[in-house]
Amino acid sequence: MRKVIHRGLALLLCMTVVMMFTSFSVAEESGKFANGEVLTIYYPISAMAATKWNSYDDHPAIKLIEEYTGLDLQFIHPPLDDDGTFFSTVIASGQYPDLWKADWSAYRGDVDGAIEDGLIVKINDYVNAETAPNWYKYYDALDAAGKKNFVNDSGIYTKLGVSLDPVEILDGEQHTGPIVRKDVLDSLGIESPVSLDDFTAMLYTLKDAGFKTPLGLYKFSEWDAYNSNFIAGTFGVMLDSTKGFILDEDGNAHYSMSSEGWREFVTYLNKLYNDGIIDRDFVNRSEADTKKLLYAGDVAVMAVGNWETQEVNLLGGTSIEGFDIAGIAMPRKDVDAVYKYGNRREQATDGNNGWQISTSCKYPELAVKLIDFLYSDYGLELTNYGPQEWDGHVIWTKEADGPYVFTDYMLNNPEVAFNTIRSWYSIDNMQSIYHVDYQKMQYDAPICWQCWEAWGYNVDNSGHIPVGCSLTADESNKVVRILSSVKSYVDEMTYKFILGEEPLENFDAYVAQIESMGIAEVEQIYTDATARYNAR
């Protein structure tokens with residue numbers, strides 16, 4: 001019941017913000033500010049868009065953006081499974097795109113280092129209320145926390161184009177978490193678990209009921225895995241091996257993967273592996289492949305994002321009669337304990353890949369105009385919904401003062417799931433603002449509310465370093481240097497401990513090795529960074 005009240009109050013509490021973008025004005029025939037100038041753009045293509053388009057060069061929304069602005073946009077896409085190698089290759093080539101939408105945390109010195117090295121401009125010198133009025137109206141409406149997250153410690157805008165949550169549909173929610181085959185739990189008479197003991201007992205009961213590997217884990221580097229922090233948070237640790245730093249009560253950062261909690265975590269998973277609850281293939285398996293096992297009836301529990309839950313129910317129901325999922329709480333040792341290692345959404349933290357402009361860009365002013373266009377009514381319409389019609393298909397409809405509504409071709413296409421087909425026309429990873437109508441269509445469903453309710457039970461972000469904290473160029477150089485070695489070692493040893501290829505008795509030696517790599521220096525850096533963030 002709380003969730004229903006929450007949704008209703010959101011519309012009342014946020015009317016000022018909602019009025020800014022509940023309806024977009026009709027686009028003029030032309031808003032040209034360019035005459036065919038080329039802007040090359042480093043930009044990841046979404047996996048769903050890539051099922052239809054080889055490049056955003058061919059995407060309908062991009063074609064309309066080019067037509068409207070007069071720009072010629074040419075995209076450089078890293079491979080879908082890129083681990084940062086492609087980014088490093090482009091940097092090393094010296095042939096830079098005009099615009100970047102990339103995660104600079106892997107670069108020595110992060111954004112500040114790239115500015116000092118002459119790769120990118122100081123974007124604040126170009127973006128302001130006069131040059132980017134569409135952006136500024138949204139930036140100016142952010143609360144103090146949102147503005148704090150929008151910049152790094154040097155005050156550089158690092159979140160330009162990082163999607164903002166305009167209303168309380170997503171803001172503050174734990175947006176990823178575990179789901180279970182509810183239809184199976186109901187048939188077995190099992191209540192939804194909260195405690196670790198009940199969660200574990202459920203897994204063994206599911207094994208006895210015939211599930212091949214009841215718990216569908218997948219590689220920890222997958223976003224849904226480390227964002228949900230499913231199971232890891234139970235033991236007070238974080239899955240992200242490059243930012244897996246937890247905070248003690250005094251605000252000191254500790255590397256969770258060399259902690260006693262990590263020993264407990266890998267010991268727990270090792271037992272599940274030995275008992276056939278998880279399989280060894282998870283170390284190389286993607287979230288998408290794990291969902292296939294769910295649909296095949298091999299897996300009963302896994303972590304997903306709430307944008308997927310309706311589609312999971314739909315696709316599961318096509319192969320298994322009566323298939324039904326539900327979100328379950330993050331398991332914890334004490335039912336009433338606060339799960340301090342969640343990832344509740346905060347404004348201006350949805351990614352670390354804000355727009356940056358190369359120093360080699362011939363048209364930096366035009367690049368700013370493009371960024372600002374993406375915050376305009378028409379820009380938001382195209383990125384959230386795509387063209388109203390394309391290639392003989394009506395994509396969405398809208399009455400004069402009514403909401404945007406995707407058509408039956410989009411919502412109930414028998415050949416393509418909605419989460420995929422929407423990316424054929426809209427650009428889901430280019431939305432500067434998540435539009436309220438769009439989010440209502442995606443999340444105004446009982447399964448979404450239920451998952452938020454379950455995943456958010458006594459969950460907060462207090463146990464780990466703030467998502468918005470940043471490092472100085474010198475700190476970033478040290479962190480990249482040290483963690484590049486630590487990460488490889490931790491990833492290798494973690495899987496070995498879980499799969500029994502390394503005796504758990506060697507955990508102390510593992511910790512000693514991490515300490516010898518200089519992890520204490522990184523812990524101090526993140527302690528200092530957290531203090532600076534809190535003082536912004």
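Our subject is the structure listed above.
Note that the structure is predicted; figures quoted are calculated from it, not measured.

Conventions adopted
- Residues numbered from 1 in each chain as written.
- Predicted model: local features only at pLDDT ≥ 70, side-chain atom pairs only at ≥ 80, totals over all residues.
- Heavy atoms only, no water.
- Helix = DSSP H or I, 4+ residues; strand = E, 2+ residues; numbered from the N terminus.
- Rg over C-alpha atoms; globule rule 2.2 N^0.38 Å.
- Buried < 20%, exposed > 50% of the residue type's maximum accessible area, 1.4 Å probe, protein only.
- Contact = heavy atoms within 4.5 Å.
- Lys, Arg positive; Asp, Glu negative; His and termini not counted.
- Charge placed at Lys NZ, Arg CZ, Asp CG, Glu CD.
- Salt bridge = Lys/Arg side-chain N within 4 Å of Asp/Glu carboxyl O.
- Axes fitted to C-alpha atoms, helices over the stretch in contact; angles between N-to-C directions.
- Parallel < 35°, antiparallel > 145°, perpendicular 65-115°, else oblique.
- Left-handed = near helix turned anticlockwise from the far one by under 90°.
- Phe/Tyr/Trp six-rings, centres within 6.5 Å; stacked < 30°, edge-to-face > 60°.
- Lys NZ or Arg CZ within 6 Å of the ring centre and 35° of its normal.
- Nonpolar A, V, L, I, M, F, W, Y, C, P; charged D, E, K, R; others polar.
- Core = buried A, V, L, I, M, F, W, Y, C linked by side-chain atoms within 4.5 Å.
- Pairing = 2+ DSSP bridges.
- Polar contact = N/O pair within 3.5 Å; in protein donor to acceptor, adjacent residues only side chain to side chain.

Asker: Please clarify how the overall build of the protein chain should be interpreted in this entry.
Answerer: A count of helices and strands for the protein chain gives 22 helices and 13 strands. In terms of C-alpha radius of gyration, the protein chain reaches 23 Å, essentially the compact-globule figure of 24 Å for 536 residues. The dimensions of the protein chain, computed from C-alpha atoms along their principal axes, are 65 × 55 × 40 Å. Taken across its 536 residues, the protein chain has 55% of its residues classed as buried. Here the analysis covers contacts within the protein chain between residues at least 6 apart in sequence; of these, 77% occur between residues at least 24 apart. Positive and negative side-chain charges in the protein chain, numbering 41 and 81 respectively, have mean positions lying 1 Å apart.

Asker: Got a minute to help me understand the pattern of salt bridges in this structure?
Answerer: Oppositely charged side chains can pair when the atoms bearing their charge come close. If you walk through the whole model with that rule in mind, you get 18 salt bridges. Between R263 and D508 there is a salt bridge, and its shortest N-O distance comes to 2.5 Å. Placement of R263 in helix α11 (residues 260-274) and of D508 in helix α21 (residues 507-516) is noted, with a sequence separation of 245 residues between them. With relative accessibility at 48%, the residue D508 sits in the partly exposed group. Where K478 meets D474, a salt bridge forms, and the shortest distance between an N and an O atom there is 3.4 Å. Residue K478 and its partner D474 are both found in helix α20 (residues 473-499); the two are separated by 4 residues, about one turn of the helix.

Asker: Can you walk me through the packing of α11 against α21 in this structure?
Answerer: Two numbers describe a pair of packed helices, the interaxial angle and the distance between the axes. Across the interface, α11 lies against α21 with an axial gap of 11 Å and an inter-helix angle of 135°. Between α11 and α21, the interaxial angle falls into the category oblique. As for how α11 packs across α21, the hand of that crossing is right-handed. Contacts from W262, R263 and V266 of α11 reach α21 at F507, D508 and Y510.

Asker: It is not clear to me how the packing of aromatic side chains should be interpreted in this structure. Could you clarify?
Answerer: For any two aromatic rings, the description comes down to two numbers: the centre-to-centre distance and the angle of the planes. Taken as a whole and judged by the stated rule, the model has 49 aromatic pairs. Between Y68 and F373, the aromatic rings sit 5.4 Å apart at their centres with planes inclined by 35°, giving tilted as the arrangement. Taken as a pair, Y68 in helix α3 (residues 60-69) and F373 in helix α14 (residues 364-373) lie far apart in primary sequence, 305 residues in all. The pair Y68 / F373 is uniform in exposure class, with both members buried. Over the aromatic face of W355 sits the side chain of K101, whose NZ or CZ is 5.9 Å from the ring centroid. Over the ring of Y533 we find K148, and its NZ or CZ is 4.4 Å from the ring centre.

Asker: Where do I start with the packing of helix α12 (residues 287-295) against helix α13 (residues 309-319) in this structure?
Answerer: Here α12 crosses α13 at 45°, and the two axes come no closer than 9 Å. One finds that α12 runs oblique with respect to α13. Where α12 crosses over α13, the two elements pack in a sense that is right-handed. Every residue of α13 that contacts α12 at K291, L294 and Y295 is listed here: E311, V312, L315, G316 and S319. For the contact of α12 with α13, the class distribution of residues is 4 nonpolar, 2 polar and 2 charged.

Asker: Can you walk me through the nonpolar core in this structure?
Answerer: Looking at soluble globular proteins, one finds that nonpolar side chains tend to be buried together. Of all hydrophobic cores here, the largest spans 85 residues; its most connected members are F199, L215, F265, V301 and Y510. With 11 residues, the top contributor of residues to this core is α20. Contact partners of L215, with chain neighbours within four places excluded, come to F199, L203, F230, I231, L272, I277, I278 and V301. The next biggest cluster of nonpolar side chains, apart from the first, holds 59 residues, and it includes V111, L366, A367 and L370.

Asker: What should I look at first to understand the sheet that holds strand β3 (residues 99-101) in this one?
Answerer: Whether parallel or antiparallel, the strands of a sheet pair through hydrogen bonds between backbone atoms. One open sheet accounts for 4 strands, arranged β2-β1-β3-β9; its pairing is mixed. Only two strands of the sheet have a single neighbouring strand rather than two, namely β2 (72-76) and β9 (355-357). Across this sheet, the average inter-strand angle for adjacent strands is 25°, counted without regard to direction. Taken together, the 5 bridges between strand β1 (residues 38-42) and β2 define a ladder with parallel strand orientation. Each bridged residue has a counterpart across the sheet, and for I41 the counterpart in β2 is F75.

Asker: Sorry if this is basic, but what is going on with the side chain of Q174 here?
Answerer: Mapping Q174 onto the fold places it in the loop between α7 (144-150) and β4 (176-181). On the basis of relative accessibility, which here comes to 0%, the residue Q174 falls in the buried class. Only 2.7 Å separates the side chain of Q174 from the backbone nitrogen of N343, close enough to count as a polar contact. From its side chain, Q174 meets the backbone nitrogen of R344 in a polar contact 3.4 Å long. Contact partners of Q174, with chain neighbours within four places excluded, come to N227, S228, M330, G342, N343, R344, W452, W455, G456 and V459.

Everything listed here is a matter of geometry and, on its own, says nothing about what the molecule does.
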